[in-house]
Amino acid sequence: MPQLTLEQIVSRTGDLPALPEATLSVMRETDKAEATARSVAQHIIKDQSLAARVLRLANSAFYGLPRQVNQIEEAVVILGMRTVKNLAMIASSYAWFAKELKGYGLGPQDMWRHSLATATAAQVIAEHTRKAPGDLAFCCGLLHDLGKLALHVWLDGSVDKVIQIAIQTGKPFDEIERAAFGFDHADVGAHLAAGWNLPESYKLSMNYHHRPDECPTPDPVVDMVHLGDYLAMSMGLGLGADGMVYALSEGALERLGLNESSLEELASKFLDAWEKSSSMTKELAA
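All values reported here derive from a predicted model rather than from experimental measurement.

Draft legend 1. Broad picture of unusual backbone geometry. Phi at Gln109 takes a positive value of approximately 80°, unusual for a residue other than glycine. If you trace the backbone, Gln109 turns up in the loop between α6 (81-97) and α7 (110-129). When its relative accessible area of 22% is taken as the criterion, Gln109 is described as partly exposed. Backbone geometry places Asn197, a non-glycine residue, at a positive phi of 60°. Considering the arrangement of structural elements, one finds Asn197 in the loop between α12 (185-195) and α13 (200-208). For Asn197, a relative accessible area of 63% translates into the label exposed.

Below is the structure:
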């Protein structure tokens, strides 16, 4: 495999995603104590494509609103600004994650399915434990595998060899990435997040979702994304070449006040939530 630095991987990979400025401004606005439905809507409507997708999602079967919503501000009032923040993130990221990632053995829509499943599970865990806002857990879960979009290009052609090593050694895929490159997709994702100036929880959850016990600053969102990722993998949702071996962190469970029994209960809640949230894909693909 090519021996490149993390910076070279990012700089030499074409067509990398970038969050629209409107989405970044929505994220910042919803975190303000003084934010209003009107102020949040004003940021969304700066990007007409984003606004159209948010309205389409707000009117989807997932929310089952009693009437058609035609204005962004109205959607914010009815759904709540944090839900609309999630919708803005979904609308902005779908196009990247719906692509085929051959380097990870992921077909079209597989990456999206896994990202949305992880986000949904992380939000379910957040709402159960009440140790972090559900919308924050959701958005961090949605972006947790962002680094794969850059690294898959360099794995393409080598994935069969990596899978063989994983099977023979029983090592997680990310560990083999680190052995091959000196870093893994989580490091690449955190690098991209830093370039976008995303909040700390986003960077940490991207960097440590496979190894939450190594997170230098304890953050419940990192643990939620790790467990959400584990649940999504366990259910076979968007399972790629890297999903064959996934180590569950007992520390993440303990820090969130959970155990394997309660995780099984949350898995049931997750499946109910996933059945609803997966309907969003139909709206986005339209």
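Don't stop here, the text continues.
Draft legend 2. Local environment of the packing of aromatic side chains. Inspection of the entire model under this criterion finds five aromatic pairs. Seen from their ring centres, Trp96 and Trp196 are 5.9 Å apart, and the 55° between their planes marks the pair as tilted. Of this pair, Trp96 sits in helix α6 while Trp196 sits in the loop between α12 and α13, and the two are 100 residues apart along the sequence. On the numbers, 5.6 Å between centres and 45° between planes, the contact of Tyr104 with Phe173 is tilted.

Draft legend 3. Local environment of the side chain of His210. In this fold, His210 is placed in the loop between α13 and α14 (220-234). Only 3.3 Å separates the side chain of His210 from the side chain of His209, close enough to count as a polar contact.

Draft legend 4. Just the environment of Leu55, in detail. The topology assignment puts Leu55 in helix α4 (residues 48-58). Taking the C-alpha atoms as reference points, Leu55 and Met233, 178 residues apart in sequence, are found 30 Å from one another. When residues no more than four places from it in sequence are discounted, the contact partners of Leu55 are Val69, Asn70, Gln71 and Ile72.

Draft legend 5. Region of the structure containing the nonpolar core. By size, the foremost hydrophobic cluster in this structure holds 94 residues, and its most contacted members are Ile44, Ile90, Leu198 and Tyr202. The biggest single contributor to this core is α7, with 10 residues. With residues up to four places along the chain from it excluded, the contact list for Tyr202 reads Met27, Lys85, Met89, Leu136, Cys139, Cys140 and Leu143.

Draft legend 6. Region of the structure containing α7. A rise of 1.5 Å per residue sets the reference length of α7, with its 20 residues, at 28 Å; its end C-alpha atoms lie 28 Å apart and thus fit the reference within 8%. Backbone geometry just downstream of α7 places Arg130 in the positive-phi region, at approximately 60°.

Draft legend 7. Broad picture of the pattern of salt bridges. Inspection of the entire model under this criterion finds 17 salt bridges. The shortest N-O distance in the salt bridge between Lys32 and Glu29 comes to 3.3 Å. On the accessibility criterion, Lys32 (40% relative accessible area) is partly exposed. Among the residues examined, Glu29 registers a relative accessible area of 8% and is labelled buried.

Draft legend 8. A look at a negative patch on the surface. A surface patch of negative charge is lined by Glu250, Glu254, Glu260, Glu264 and Glu265. Among the elements of the structure, α15 (250-255) and α16 (260-277) are those that each provide at least two residues to the negative patch. With three residues, the single largest contributor to the negative patch is α16. Position of Glu260 relative to the elements: it lies in helix α16.

Draft legend 9. Molecular detail of the environment of Asp229. Counting through the fold element by element, Asp229 comes out in helix α14. Among the residues examined, Asp229 registers a relative accessible area of 1% and is labelled buried. Remark: the alpha-carbon pair of Asp229 and Gly141, spanning 88 residues in sequence, is separated by 7.7 Å. Not counting residues within four places of it along the chain, the set of residues in contact with Asp229 comprises His114, Thr118, His144, His209, His210 and Tyr246.

Draft legend 10. Structural detail: the side chain of Asp223. In this fold, Asp223 is placed in helix α14. By relative accessible area, Asp223 is classed as buried at 3%. Residue contacts for Asp223: discarding those within four places in its chain leaves Pro212, Ala252, Arg255 and Leu256.

Draft legend 11. Spotlight on the packing of α4 against helix α5 (residues 72-79). The interhelical angle for the contact between α4 and α5, taken along N-to-C directions, is 40°, at an axis separation of 10 Å. With respect to each other, α4 and α5 are oriented oblique. α5 is crossed by α4, and the crossing has left-handed handedness. Taking contact as the criterion, the partners of Ala51, Val54, Leu55 and Ala58 in α4 are, on α5, Ile72, Ala75 and Leu79.

Draft legend 12. Molecular detail of the packing of α7 against α16. Contact geometry of α7 with α16 gives a least axis separation of 9 Å together with a crossing angle of 130°. Compared by their axis directions, α7 and α16 come out oblique. The hand of the α7/α16 crossing is right-handed. Residue-level inspection shows Arg113, Leu116, Ala117, Thr120, Ala121, Val124, Ile125 and His128 of α7 in contact with α16, the latter providing Leu266, Lys269, Phe270, Ala273, Trp274 and Ser277. Each residue belonging to the contact of α7 with α16 can be placed in one class, and the counts come to nine nonpolar, three polar and two charged.

What counts and how
Residues numbered from 1 in each chain as written. Predicted model: local features only at pLDDT ≥ 70, side-chain atom pairs only at ≥ 80, totals over all residues. Heavy atoms only, no water. Helix = DSSP H or I, 4+ residues; strand = E, 2+ residues; numbered from the N terminus. Buried < 20%, exposed > 50% of the residue type's maximum accessible area, 1.4 Å probe, protein only. Phe/Tyr/Trp six-rings, centres within 6.5 Å; stacked < 30°, edge-to-face > 60°. Polar contact = N/O pair within 3.5 Å; in protein donor to acceptor, adjacent residues only side chain to side chain. Contact = heavy atoms within 4.5 Å. Core = buried A, V, L, I, M, F, W, Y, C linked by side-chain atoms within 4.5 Å. Expected span 1.5 Å × (residues − 1). Salt bridge = Lys/Arg side-chain N within 4 Å of Asp/Glu carboxyl O. Patch = residues over 30% accessible without salt bridge, like charges linked within 9 Å, V, L, I, M, F, W, Y side chains within 5 Å. Areas by Shrake-Rupley, 256 points an atom, 1.4 Å probe, with all protein chains shown as cover. Lys, Arg positive; Asp, Glu negative; His and termini not counted. Charge placed at Lys NZ, Arg CZ, Asp CG, Glu CD. Axes fitted to C-alpha atoms, helices over the stretch in contact; angles between N-to-C directions. Parallel < 35°, antiparallel > 145°, perpendicular 65-115°, else oblique. Left-handed = near helix turned anticlockwise from the far one by under 90°. Nonpolar A, V, L, I, M, F, W, Y, C, P; charged D, E, K, R; others polar.

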